Amino acid sequence: MPPFAALLAFEAVLRHGSMTLAGDELGLTQSAVSHRIRALENYFGVPLLERLNPGLRVTEAGARLAQELGPLLGTLAGMRRRIVGHSGQRVFRLGLSTPLLAWWLSPRLPALCGAFPDLSVEVVTWDTAVEAARAEVDLALLWLPRAGRLVAPCELPFPIESVFPVAAPGLLDTKGPDQDWHSLPLLAKGRRGEETGREWSWATWLRGRVGHEAIRFRDIGNSLQAAADGNGVALARSLLAADALRHRRLIPLTGPDEMQTCSKMQMARWRDPRDQTAESISAWLVTSAEQAIAIGNRGLGETV
């Protein structure tokens, strides 16, 4: 039989796209995770991951293993519930990032609970990928890289999103008649130089023009809130900005043709392939996201 610990390490590396983050989840060093992956490759006799600089890419053999491994681990994850059984209303744990809850899901929770009245929904939030990996949830909404990603059997992708600059309507009144929005204070998220894609770097949007990065925040939720409060221009993604665009708390500053495609995507993922409830809730959430983005897109042509 293949070494089980190595299978768990392989599955964690696939989810994170990083041996370091997989090691954080498993309580191992990066080199220990790499050793387990090589032990698994030695067992099968073929490479499972291609080491890039930087990053990793799954091979064809690795993709086949992932398809076999997902249902197997899902079955193991649901073993306790199948053995112990259910009594009364099921507690369903839904995990997602704090910004996604605040800027999109929170207003939709009553409708979600109404659509699944037999569940007691418990919302779990996280602020980092490591926290997300360690969370014990029935369904996780994860923000994952798109490049080279294969959708596994227990996953459902959300719509591909765009990134674009936004600001509060009143802020635009503060710029001079001969100035454009680039002259306004620019808000950023995350640590400087660690943007997760070129679409999140102000250098991409300024294109040689002079701009002033005024404030940097830990996450996109805080930068969007600061923009809505009139403190500057923030970079938004379609789903998180949808409600704010609809209610005119924020307005887009570029047309649809100038927007950047997100290099990451929201993914619903559940462990147990027999969990039809998790699959149904995932489908409900994806449909809700599609509707929100479609409504938000109606205002994207109304730029300044």
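For the structure, see preceding data.
I will try to describe carefully the structure that is included in this document. Computed from a prediction, not measured in an experiment: that's the story for all the values here. (Residues numbered from 1 in each chain as written. Predicted model: local features only at pLDDT ≥ 70, side-chain atom pairs only at ≥ 80, totals over all residues. Heavy atoms only, no water.)

**Some remarks on the side chain of E199**
Part 1 of the reasoning: Counting through the fold element by element, E199 comes out in the loop between β8 (185-189) and α9 (202-206).
Part 2 of the reasoning: One buried charged residue, E199, forms no salt bridge at all, with the nearest opposite charge on R198 at 6.7 Å.
Part 3 of the reasoning: Setting aside residues up to four positions removed in sequence, E199 forms contacts with V163, W205, L235, Q260, T261, C262, S263 and K264. (Helix = DSSP H or I, 4+ residues; strand = E, 2+ residues; numbered from the N terminus. Buried < 20%, exposed > 50% of the residue type's maximum accessible area, 1.4 Å probe, protein only. Lys, Arg positive; Asp, Glu negative; His and termini not counted. Salt bridge = Lys/Arg side-chain N within 4 Å of Asp/Glu carboxyl O. Contact = heavy atoms within 4.5 Å.)

**Observations concerning the sheet that holds strand β13 (residues 264-269)**
Part 1 of the reasoning: Pairing in this open sheet of five strands is mixed, and the strands run β4-β3-β5-β13-β6 from one edge to the other. The sheet terminates laterally at β4 (119-126) and β6 (155-157), the two strands that pair on one side only. On average, each strand axis in the sheet is tilted by 25° relative to the strand beside it, whichever way the strands run.
Part 2 of the reasoning: Relative to β4, strand β3 (residues 90-97) is paired through eight bridges, and the arrangement is parallel. Bridge pairing links G95 to V124 in β4. (Pairing = 2+ DSSP bridges. Axes fitted to C-alpha atoms, helices over the stretch in contact; angles between N-to-C directions.)

**Structural notes on the pattern of salt bridges**
Part 1 of the reasoning: The tally for this structure, following the rule as stated, stands at nine salt bridges.
Part 2 of the reasoning: Across the pair R90 and D138 runs a salt bridge whose closest N-O atoms are separated by 3.3 Å. Linking R90 in strand β3 with D138 in the loop between α8 (129-134) and β5 (139-145), this pair joins segments that are 48 residues apart in sequence. Across the pair, D138 and R90 agree in class, each one buried.
Part 3 of the reasoning: The partner of R108 in a salt bridge is D243, with the nearest N and O atoms 2.8 Å apart. In this pair, R108 sits in the loop between α6 (98-105) and α7 (109-115) while D243 sits in helix α11 (residues 238-246), placing the two residues 135 residues apart along the sequence.
Part 4 of the reasoning: Judged by its relative accessible area of 15%, R108 falls in the buried class.

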